[in-house]
Amino acid sequence: MFSQRNTSLRAGTSPFNVSQQGSQSVQTRRVASVFTPQRKQKTNLNRSTLATSHILEETSNFRVEKYGLPLPVLITEALTYADKTTPISVRTDESGWAWLVGGRKLFIWRYKQAPTGRNVLCKELTLPPSDLAHSADRVCVIANSSDSQTASCVAVSPEGVVRYWSNIAYETSSMEISAELKGEECDTVVNMMPYGCLLATTTSSLVIISFTPGQNTVSCRPLKSQQGMFSGIGRRMSSMIFGGGQGGNSGAPLQAVIAGQFEEDERPFYVLSGTQLNKWVLGDYNMERFLYQIDADRLFRESLAKNVWNKEAIQMTQLTTWLLDMQLTSEGVVLLGAGMDHEAQPVVHFALATIATESSGTPSRLEDFNLLEFSKRYQEENEVELLGYRLVVPGRQDYVYMYSPSYIIMETGNGEPAEELPAPGGRILGAGVCDSTAVFFSVSQGLITISSTQRPDVSILDDTTQELVARADVSQMNASQAQIDQLSMSEDKSSKLKAAFLSACSGNVPKAEEMIEELFPDLEAGGQTTELDVLVTGLSRDLVDDIPTSDPRWAENTRPDMGSSTSSLIIVQQLRDKQRAHEYIINFLKKLNLWDRLHTVRVGDSVMYTRLLLCQHAEQLEAAIVLREMHAEYAVVIDAAIKKVLMSRGFKTKSGLSPHDLFYREVSRIHEMFEALLDYETDVMSSNYTPANIVTVICSVNPVIEGMLHAALQYRQSKADIYQTGPVKEPLPEYVPWTASTGSSGTRTLLVKQLMLSVETGVVECREPEGREALFQQMLGLADCVLDGYMAQLESLRGSPDMAEYAAQLEEQYLQQRHALITPFLEYEQYERAGSLAEKYADFDLLIRICEATGNQDRIQRYQQQFADKGFSDFLFNWYMKEGKQGRLLSQPVPQHGQLHSFLQQDKYGYLKWLNDIDRHDYRAAHETLLNLGRNEEEYLAKKKTLLSLSKLAGLAYGEEDEQLKSNIRDIDEEQELILNQELLPSELLENMNIDMEHMKVFSPVELIQLYICDENTAATESDFKKALDLMQFIDAEDPAVDLEVIRTSIWCRAILRDRASWTHTPTGDPLDSVKDTIFFKTISLAITDGWEPQQFLPDLRSLLSSDQLGDLAANKQLQFLLGTVYELTNNVQ
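Definitions and cut-offs
Residues numbered from 1 in each chain as written. Predicted model: local features only at pLDDT ≥ 70, side-chain atom pairs only at ≥ 80, totals over all residues. Heavy atoms only, no water. Helix = DSSP H or I, 4+ residues; strand = E, 2+ residues; numbered from the N terminus. Buried < 20%, exposed > 50% of the residue type's maximum accessible area, 1.4 Å probe, protein only. Contact = heavy atoms within 4.5 Å. Areas by Shrake-Rupley, 256 points an atom, 1.4 Å probe, with all protein chains shown as cover. Phe/Tyr/Trp six-rings, centres within 6.5 Å; stacked < 30°, edge-to-face > 60°. pLDDT = per-residue confidence, 0-100. Pairing = 2+ DSSP bridges. Axes fitted to C-alpha atoms, helices over the stretch in contact; angles between N-to-C directions. Parallel < 35°, antiparallel > 145°, perpendicular 65-115°, else oblique. Left-handed = near helix turned anticlockwise from the far one by under 90°. Salt bridge = Lys/Arg side-chain N within 4 Å of Asp/Glu carboxyl O. Expected span 1.5 Å × (residues − 1). Patch = residues over 30% accessible without salt bridge, like charges linked within 9 Å, V, L, I, M, F, W, Y side chains within 5 Å. Lys, Arg positive; Asp, Glu negative; His and termini not counted. Charge placed at Lys NZ, Arg CZ, Asp CG, Glu CD. Disulfide = S-S within 2.5 Å. Nonpolar A, V, L, I, M, F, W, Y, C, P; charged D, E, K, R; others polar.

## Regarding the overall build of the protein
In terms of helices and strands, the protein carries 39 helices and 31 strands. Scored against the burial criterion, the 1134 residues of the protein give a buried share of 51%. Here the analysis covers contacts within the protein between residues at least 6 apart in sequence; of these, 60% occur between residues at least 24 apart. Accessible area of the protein: about 52100 Å², with a carbon and sulfur share of 49%.

As structure tokens, this is what we get:
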């Protein structure tokens, strides 16, 4: 039915295929991809040499098995009883040795059966002291080539203390030496035998640890990048040419170090440091050579940009890349890297880059680049986890693995999403390779392997391409039984699905059901992405991109086949035939109960609901039909754009096929027309065209884009019931319609660019009113398409709590874009068009501005009713407050009084609320509002006085007295009395204190007391001190921050100090005559005259004399005598 895609007509290839740039090495030989299957090597070692296979878990996709010998008891106990705060790490070696580090304990054992068949006990050693945590990465076990039961060991502390055991069987056979790291921290130790071990620090410094096996001698020396006068010339020249830096890259953060194979009396090793890959060689006689350094990050960045976003890296200023790990294969160094474009979706893409390192020259390019199916959404809080993945490449190269402590990712490259498995046993402590098998150490299961149950012996590149379905007349959608049988017997499942489809179309539904049951025996509804989703979307895509072989011009470019999705020779009819065929697919899926089993499918770097992807294909058919129908009217721009699209795809017209035939064949890429149209506009604007001609082109491009998008949106809305997702258990993935795709070439980006061009060039240069009107109408349609896409995307995120932060960011972007797109209409007084968009997408700010500009208050009231459930009234009232139009706020019509009253309940609007309460004749509410405002007013005394007076008036106007109202009135009277005391402050005091009487702040009772008795009140009399005593009644006695006795004592101390001389002068006659004119004595007299009892206002004499305020005066005998006399007289008076 559908033709196989002709690779000569397609620009893209599988991310697992060998890239064109990697097809030839430096030596012009074919270099295999890291995923290319190698010929099976014959070996005497088989599974029988290991422990009996023990399957821990098995699914339809993968199998988890135990590996190697059972764990020694010491290891089991160490894992079981380890303190949770103690870091534990494990390393395995291809020699069959493994080691575990926890605290200062090092356990070494063999996990692989020795050739002699004898088992070896687990050895426990003690690591050097350290203030930092030890790690298995800083330990290296060197197998004894003559005795598989013995080994030597090197362990290094983070500070650089090297401990060497010539034989692990004897813990005492160790010696120590310092590596002299000069404050740097050891990161890893790598086996570089026969030259010793390589120590690498976290800042990429390198040290060789040399020793003689079997002897307790060890030495350390740092590596030097140059030996001899001319040794660095070649490297420096290659660095100048290929962008490498200085040798060694010391100081840059270390990512990984791996050793190459020993050959020809030397052994290479590779250091991934910062953004650079360095190659070194160690040789005899302590000789080392630094061969070259290449900017691996630049090469990775360029390939990632091209493979994921189809752009040049230099154009992607927001592209961030990370090099995470590397492994050595027979074809060179394989780098695991990741990257993310901050301008696009926050998705981190992972990829493998191969650099051929066998040649003597400096590599200048990647030999191979494979974009992995695995990707993760980026969040700042999980960046450490995302960048913590490590790489394992088994020797068989059937699969590659990424792992972290929590997950293992198995990449099979069969087009399915990568398998992301939670770490079996809870946590992964380490990984390695043994006998070409990836081995992982689980905290509870020990050594395990993970393999695919689908294609265990087939390389992930070995994709057999089966002949796709035969072609039949789309009007009948039938085929001969022989043709259907031929398809059903194919090994390709997509062919089997198409056979079932043709059987159903031919009327043999039972046969179709039988085929479906065979294809998907255990399929359940509502799961994750399944094979069904992949096959169904592939069937749909193949249909919309089908070749119309009934056209003899196409038949010359394709093999004779059994039918086609279209039998028409006319392009628009071919598209309509495909449209009908697509409807048949939907009916087929529903008829055979497959529709409800569809879930999600991966599209590029995101996941999409399968039904919505099928809807997208139908929308693209609608857009293609409209585009074809508009050709007669806009032939110039459409023809030019189609040529640009075909040029970008690398197509060449042949055998009589027109550009239109080639273009309309691949409907799934119809969106490429948008970018081509804008490119054509750019060409016109950069040429010698008149402004009028440029406006004409813009006015031709706009309706083409709008027509395509409008047709797609209309189909989406009209068929929403058919493609609706239905109830699901988990949140749906984010839905980004193809009409709203992002990125530099995304539809949304291009639409916004076209709108800006229409405003800045089209509207400005257009002189005719009719032309401007047409242009604004086109812009209205385009803006509607942009905003509709945002709404669909935001709606898909509403039920995803995990995406709340991202959804908030997207909504903020939407609000900004909405304002930017509608504002030009308002600026050019296109009020009706601006209002239609603002009303549809609820831009309240612009709706209010439009009504204000047109003076249409009736429209405001209509919006208050229309958007009552969306908070329009509150937004309107806030807008009035922000714009300083409080009068408009208080003049709301009667129907809005209730909403205005609710709005004004907020404390910050109290000054308007009481006015609204008066207007509503709610004097009790006005009284309480004014009372609260008056109590809380602290900035202006006059304002406080006015508010309290108005509150009292409103309370009296209320008329009905109750206990609460009476209490409020009493509170107001007290507040007003306090205000009066502040108003009576002497003018001379206010002048001395620089206090403006007209704008005086509100003082507390304590502050007023201090003002009345302070030294600045130079004219203070007994009346002022009496007022200070009176003010004490306004102080809250329950306030823990206030001590009434201290304040009272302070008042009388100040009174004494006012007449210091009188209290220290020795009287010649009656003692009272010398003090009767003092402030102290007069204040007592005034208080008694007012009816106060002495104990009410006088502090205890001893407390008064012990006050710090009197200072040394308190010890004056004359003062003590006179005060005692006054106190005695006062007590006698009562």
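Following the structure, the description resumes.
## What to know about the packing of aromatic side chains
Across all of its chains, the model carries 30 aromatic pairs by this definition. Judged by centre distance (5.4 Å) and plane angle (90 degrees), the rings of Trp1063 and Phe1080 are edge-to-face. Placement of the pair is Trp1063 in helix α34 (residues 1060-1064) and Phe1080 in helix α36 (residues 1079-1089), with a sequence separation of 17 residues. Considered together, Trp1063 and Phe1080 belong to a single accessibility category, that of buried residues.

## What to know about the confidence of the model for the protein
The share of residues in the protein with pLDDT of 70 or more is 82%, and the mean pLDDT across the chain is 79. Scored below 50 in pLDDT, residues 1-53 makes 142 contacts in the model with residues more than four places away or belonging to other chains. Confidence over residues 227-246 falls short of pLDDT 50; this stretch has 27 contacts with residues more than four positions distant or in other chains.

## Focus on the sheet that holds strand β15 (residues 254-259)
Pairing is antiparallel in the open sheet, where 4 strands are placed in the order β15-β16-β17-β18. Taken across any chain shown, the strands that pair with only one partner, and hence form the sheet edges, are β15 and β18 (287-295). Looking at each pair of strands side by side, their axes are set apart by 20 degrees on average, direction ignored. As paired strands, strand β17 (residues 276-283) and β18 are joined by 8 bridges and run antiparallel to one another.

## Notes on the packing of helix α27 (residues 923-936) against helix α28 (residues 941-958)
The contact between α27 and α28 brings their axes to 8 Å, and the two run at 160 degrees. One element, α27, and the other, α28, form an angle in the roughly antiparallel class. The hand of the α27/α28 crossing is left-handed. Note on element contacts: α28 touches α27 through Lys944, Leu947, Leu948, Leu950, Ser951, Ala954, Gly955, Ala957 and Tyr958, opposite Tyr923, Arg924, Ala926, His927, Leu930, Leu931, Leu933, Gly934 and Arg935.

## Structural notes on the pattern of salt bridges
Tallied over the full model, the rule gives 40 salt bridges. Of the charged contacts in the structure, one is a salt bridge between Asp596 and Arg611, with a shortest N-O distance of 3.1 Å. One end of the pair, Asp596, is in the loop between α10 (571-591) and β30 (600-603); the other, Arg611, is in helix α11 (residues 610-629), with 15 residues separating them in the sequence. The exposure class of Arg611 is buried, given its relative accessible area of 7%. A salt bridge links Arg818 to Asp843; the shortest N-O distance between them is 3.4 Å. Pair noted here: Arg818 is in helix α19 (residues 804-827) and Asp843 is in the loop between α20 (831-840) and α21 (844-854), with a separation of 25 residues, a long-range link. The pair formed by Arg818 and Asp843 is uniform in burial state, with each residue classed as buried. Members of the salt-bridge network, linked through shared partners, are Arg649, Glu666, Arg669 and Glu672.

## Overview of unusual backbone geometry
Outside of glycine, negative phi angles account for most residues, and trans bonds account for most peptide bonds. In the segment running from Met193 into Pro194, the intervening peptide bond is cis, with an omega of 20 degrees. In this structure, Pro194 sits in the loop between β11 (186-191) and β12 (197-201). Look at Ser204: it is not a glycine, yet its phi comes out positive at around 75 degrees. The residue Ser204 is located in the loop between β12 and β13 (206-211) in this model. Even without being glycine, Asn593 reaches a positive phi, approximately 60 degrees. As for its position among the elements, Asn593 is in the loop between α10 and β30. Taking relative accessible area as the criterion, Asn593 reaches 54% and is therefore assigned exposed.

## Description of α19
Given a rise of 1.5 Å per residue, 24 residues ought to cover 34 Å, and the 34 Å separating the end C-alpha atoms of α19 matches this to within 8%. Contact partners of the buried residues in α19: β22 (368-377), α17 (747-765), α18 (769-797), α20 and α21. A positive backbone phi angle near 60 degrees is found at Glu829, which sits one or two residues after α19.

## Here's the deal with a negative patch on the surface
Together, Glu263, Glu264, Asp265 and Asp284 make up a region of like negative charge exposed at the surface. Secondary-structure assignment places Glu264 in the loop between β15 and β16 (266-273).

## Let's talk about the sheet that holds strand β9 (residues 161-165)
Pairing in this open sheet of 4 strands is antiparallel, and the strands run β7-β8-β9-β10 from one edge to the other. Among the strands making up the open sheet, the edge pair consists of β7 (139-143) and β10 (174-178). Each adjacent strand pair in this sheet contributes to an overall mean axis angle of 15 degrees, direction not counted. Sheet topology note: the β7/strand β8 (residues 151-156) ladder contains 5 bridges and is antiparallel. Each residue of the ladder has a partner; that of Ala143, found in β8, is Ala151.

## Focus on α20
Buried within α20 we find Arg833, Ala834, Gly835, Leu837 and Ala838. Elements that come into contact with the buried residues of α20 comprise α18, α19, α21 and α22 (857-866). At the exit of α20 stands Ala842, carrying a positive phi of roughly 55 degrees.

## A closer look at the pairing of β13
Within β13, 6 of the 6 residues are buried, leaving the element largely enclosed by the surrounding structure. The side-chain alternation of β13 yields two buried faces, one formed by Leu206, Ile208 and Ser210 and the other by Val207, Ile209 and Phe211. A loop of 4 residues connects β12 with β13, the two strands running antiparallel in sequence, and Ser204 in this loop sits at a positive phi of about 75 degrees. Alignment of β13 against strand β14 (residues 218-222), held across 5 bridges, turns out to be antiparallel. Paired with Ile209 across the strands is Cys220, a residue of β14.

## Some remarks on the side chain of Arg818
Note on Arg818: relative accessible area 11%, which makes it buried. Those residues in contact with Arg818, other than ones at most four positions away along the chain, are Leu787, Tyr841, Ala842 and Asp843.

## What about the environment of Gly771?
Take Gly771: it is sitting in helix α18. Taking C-alpha positions, Gly771 is 9.2 Å from Thr696, a pair spaced 75 residues apart along the chain.

## Comments concerning the state of the cysteines
Throughout the structure, instances matching the rule amount to 0 disulfides. No disulfide involves Cys197; its sulfur sits 3.7 Å from that of Cys140, the nearest cysteine.

## Overview of the packing of helix α15 (residues 691-718) against α18
With their axes 9 Å apart at the nearest point, α15 and α18 run at an angle of 40 degrees to one another. With respect to each other, α15 and α18 are oriented oblique. For the crossing formed where α15 meets α18, the hand is left-handed. In this structure, α15 uses Ile698, Cys699, Asn702, Pro703, Ile705, Glu706, Leu709, Leu713, Arg716 and Gln717 to contact α18, whose residues at the interface are Leu775, Gln778, Gly781, Leu782, Cys785 and Asp788. Of the residues that constitute the contact of α15 with α18, the class distribution is 9 nonpolar, 4 polar and 3 charged.

## Looking at the environment of Leu497
Its location among the elements puts Leu497 in helix α6 (residues 493-505). Leu497 sits 35 residues away from Leu532 along the chain, and the two C-alpha atoms are 9.3 Å apart. Not counting the four nearest positions on each side in its chain, Leu497 is found in contact with Ile516, Leu519, Phe520, Leu535, Val536, Leu539 and Phe588.

## Brief notes about the environment of Leu181
Here Leu181 lies in the loop between β10 and β11. Note: C-alpha distance between Leu181 and Gly160 (21 residues apart in sequence) is 5.9 Å. What Leu181 contacts, discounting residues up to four positions off in sequence, is Pro158, Glu159, Gly160, Cys186, Leu199, Thr201 and Val207.

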